[in-house]
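# Coordinates in review
So the chains spell out like this:
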Amino acid sequence: MIRVLLADDERLIRQAIAMLLGLEADIEVVAQVGRGDLVAQAVREHEPDVLVLDVEMPGMDGLSVAESMPGRAMLILTSFGRPGYLRRALAAGVRGFVPKDASAEELARAIRKVHAGGRYLDPEMAAAAMTAGENPLTERERDALALAAKGASVARIAAELHLTEGTVRNYLSSAIGKLGGGNRITAIRAAQDMGWI
């Protein structure tokens, strides 16, 4: 029996997936959580074989959860097929990446493959990631742009990243230039569309 933990903030989606997986003879959903910051505790309590994580969750996003749990069999189930998400997931050791519009049978196949030590990548998502190119932003540029996307002022970004305001402006300006945007909003949209922030 493959023991699965489901982490998705949308309760109806999470419960429907759990019900569908419950129809599989070799898969058992042993835990469900609606926040990323609850995954570690649920893993300790239930000892799942495979973690199925949504990307966008409160508390901690699924990619950050994956980065915090190296060596675990993990699969990302997402409605956001952004190339940057796939690359980041693979770098964190995630072995499966499945769109939420996949069939229950496809998700079950992916869980089995990941549990067996293999990889399962949606072909369309993999192709998009390959053609998108590498993320041109440095870690600091990503951090500054991500905070700007949340509405933080330059002063707030500087305080949070322990930088001077001038340095933050330089990072934002550099990110805007690299993403071909004429302003912060355009750069933020471009980075979000690619899954880089």
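Residues numbered from 1 in each chain as written. Predicted model: local features only at pLDDT ≥ 70, side-chain atom pairs only at ≥ 80, totals over all residues. Heavy atoms only, no water.

Turning to helix 10 (residues 184-194), its buried residues are Ala187, Ile188 and Ala191. The arc enclosing the buried residues of helix 10, seen along the axis, measures out at 100°, which places them on a common side. Residues of helix 10 that are exposed and point over 90 degrees away from its buried face: Arg189 and Asp193. Looking at the packing, one finds that the buried side of helix 10 touches helix 7 (139-149) and helix 9 (165-178). Sitting at the amino-terminal end of helix 10 is Asn183, which places a side-chain oxygen 3.0 Å from the backbone nitrogen of Ile185. (Buried < 20%, exposed > 50% of the residue type's maximum accessible area, 1.4 Å probe, protein only. Helix = DSSP H or I, 4+ residues; strand = E, 2+ residues; numbered from the N terminus. Arc of directions from axis to C-beta. Contact = heavy atoms within 4.5 Å. Polar contact = N/O pair within 3.5 Å; in protein donor to acceptor, adjacent residues only side chain to side chain.)

A few words on the pairing of strand 2 (residues 27-33). Pairing of strand 1 (residues 2-7) with strand 2 involves six bridges; the strand directions are parallel. Across the sheet, residue Arg3 finds its bridge partner in strand 2, namely Glu28. Taken together, strand 1, helix 1 (residues 11-22) and strand 2 form a β-α-β motif whose crossover is right-handed. (Pairing = 2+ DSSP bridges. Right-handed = clockwise from strand over helix to strand, strands pointing away.)

Moving on, we get to helix 1. The first and last C-alpha atoms of helix 1 sit 16 Å apart over 12 residues, in line with the 16 Å expected at 1.5 Å per residue. Buried residues of helix 1: Arg14, Ile17, Ala18 and Leu21, and no others. Taken down its axis, helix 1 places every buried residue within 100° of arc, on the same side. Along helix 1, the residues that are exposed and aim more than 90 degrees away from the buried face are Leu12 and Met19. (Expected span 1.5 Å × (residues − 1).)

Now for the UniProt feature "modified residue: 4-aspartylphosphate" (unreviewed entry) in the protein. In the numbering used here, UniProt assigns the "modified residue: 4-aspartylphosphate" (unreviewed entry) feature to Asp54. Relative to the assigned elements, Asp54 resides in the loop between strand 3 (50-53) and helix 3 (62-68). Once residues within four sequence positions are removed from consideration, Asp54 is found in contact with Ala7, Asp8, Asp9, Gly62, Leu77, Thr78 and Lys100. (UniProt positions renumbered as here; feature names shortened; annotations may be inferred.)

Moving on to the sheet that holds strand 1. An order of 2-1-3-4-5-6 is seen for the six strands of this open sheet, with the pairing classed as parallel. Two strands close off the open sheet at either side, each with one partner strand: strand 2 and strand 6 (120-121). Bridge count for strand 5 (residues 96-99) against strand 6 is two bridges, and the pairing is parallel. The partner of Gly96 across the bridge, within strand 6, is Tyr120. Here helix 5 (residues 104-115) sits on the sheet and contacts strand 1, strand 2, strand 3, strand 4 (73-78), strand 5 and strand 6; the angle it forms with strand 4, its principal contact strand, is near 155°. (Axes fitted to C-alpha atoms, helices over the stretch in contact; angles between N-to-C directions.)

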